[in-house]
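Survey of secondary and tertiary structure
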Amino acid sequence: MSTGRAAVVTGIGSYVPPNIVTNEDLSRRLDTSDEWIRTRTGIAERFFVSPGTSTGDLAVEAGLRALKSAGGEQVGAVVLATTTPDQPCPATAPQVAARLGLGQVPAFDVAAVCSGFLYGLASAAGLIASGVADSVLLIAADAFTTIINPEDRTTAVIFADGAGAVVLRAGSPGEPGALGPLVLGSDGELSHLIEVPAGGSKQRSSGRPAAPEDYFFRMLGRDTYRHAVERMTSASTEAAERAGWRLADVDRFAAHQANARILAAVSDRLGIPEERRLSNIARVGNTGAASIPLLLAEATAEGRLTAGNRVLLTAFGGGLSWGAATLTWPELQTI
Ligand code: UT7
């Protein structure tokens, strides 16, 4: 049942672990170089969790900040978008909700890899529209390095750890912060481009033990790159159209921070000039599901994203999965 209520962003927060890892640090243990990483990905440094820190820990920190930013301590539901849950079972969101003192609210995880934040926005908007909750804490968090093979230079230099969160509450479609139409898609025919082959029911039921490296994340980079550019461009175009925006109306473009070259290619295709693109990949790398809310939180805190800006969001990731959304940025308190 839809109540016609819009989901409106009222708070934002983010968190990265304290351990900074530079390209030089990685070059000391992998056959790579600062020059290769910078020119091929745009990344200079990133944050890695230390032993003992999990996705749930990152999520709690980002969630706390988003709740404070929203000026309240209570929400009606918690959604956690993640690729790296604390355990295969149960979901991590209920424990995060309990640790945040939110009581027995509905709480569940969303698994859409690097598109997780956009799929999470759709889940949160649905909870609000259906009347299940009047407000939702949506957290996107990944301790991505926990599934990266430290010996695989093709992924170990790209992926990193972090968390971002927003609070959404029921409101009206026209107000600042109200989510516009969401565009989502997937292509399971191409699931092999980004995967962790072992550890799930498919491998377990085969009765065959997996090779140790099959428990790690792997990505066919070049093919993924091509699909990322195509899908983020088409989803962004469709989301803008459905919102009734021209692409020239977009003040800030916030795309999943997959690779600086991908961001430039998508922006160029959309005709969005560099000064309207938000980017923090040089400092944080690719943080999976956390990428977009981490970017939005940092840009808000730094004054690069301000109230009234028309924002276009887009993401792409394993599944394959992708999405895009629009909103006019609200006045937000940053913590
Ligand atoms: O977040 C979810 C979605 N993810 C993405 O959208 C990521 C998409 N893909 C990419 O960002 C890029 O494809 C990568 C950054 C992963 C790779 O960049 P590329 O320009 O596509 O490089 P490539 O895979 O074509 O490899 C070029 C060369 C290869 O050597 P040869 O075969 O030409 O001799 C690689 O072995 O670069 C080599 N290479 C490296 N060299 C130094 C791959 N990784 C590294 C490395 N350091 N870390």
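Here, the structure is the one placed above.
Now for a look at the structure at hand. (Residues numbered from 1 in each chain as written. Predicted model: local features only at pLDDT ≥ 70, side-chain atom pairs only at ≥ 80, totals over all residues. Heavy atoms only, no water.)

The secondary structure content of the protein amounts to 11 helices and 13 strands. For 335 residues, the compact-globule estimate of 2.2 N^0.38 gives 20 Å, and the protein sits close to it at 19 Å. Dimensions of the protein, computed from the C-alpha atoms along their principal axes, are close to 50 × 45 × 40 Å. Here the protein holds 335 residues, and the buried ones make up 53% of them. Relative to all contacts within the protein whose residues are 6 or more apart in sequence, the contacts with residues 24 or more apart total 77%. With the model as given, the accessible surface of the protein reaches about 13900 Å², and the carbon-plus-sulfur share is 50%. Averaging the positions of the 28 positive and the 34 negative side-chain charges in the protein gives two centres separated by 2 Å. (Helix = DSSP H or I, 4+ residues; strand = E, 2+ residues; numbered from the N terminus. Rg over C-alpha atoms; globule rule 2.2 N^0.38 Å. Buried < 20%, exposed > 50% of the residue type's maximum accessible area, 1.4 Å probe, protein only. Contact = heavy atoms within 4.5 Å. Areas by Shrake-Rupley, 256 points an atom, 1.4 Å probe, with all protein chains shown as cover. Lys, Arg positive; Asp, Glu negative; His and termini not counted. Charge placed at Lys NZ, Arg CZ, Asp CG, Glu CD.)

Further remarks concern unusual backbone geometry. The omega torsion of the bond from C89 to P90 falls at 0°, within 30 degrees of zero and hence cis. Omega for the peptide link from G319 to L320 comes to -15°, which places this bond in the cis form. Secondary-structure assignment places L320 in the loop between β12 (310–317) and β13 (321–328). Look at V113: it is not a glycine, yet its phi comes out positive at around 50°. Residue placement: V113 occurs in the loop between β5 (107–110) and α5 (116–129).

Relative to the 20 Å expected for 14 residues at 1.5 Å per residue, α5 spans 20 Å between its end C-alpha atoms, a close match to the ideal helical length. Summarising burial for α5: 10 of the 14 residues are buried, a large majority. For α5, the complete set of buried residues consists of G116, F117, L118, G120, L121, A124, A125, L127, I128 and A129. Of the residues trailing α5, G131 is marked for its positive phi of about 85°. (Expected span 1.5 Å × (residues − 1).)

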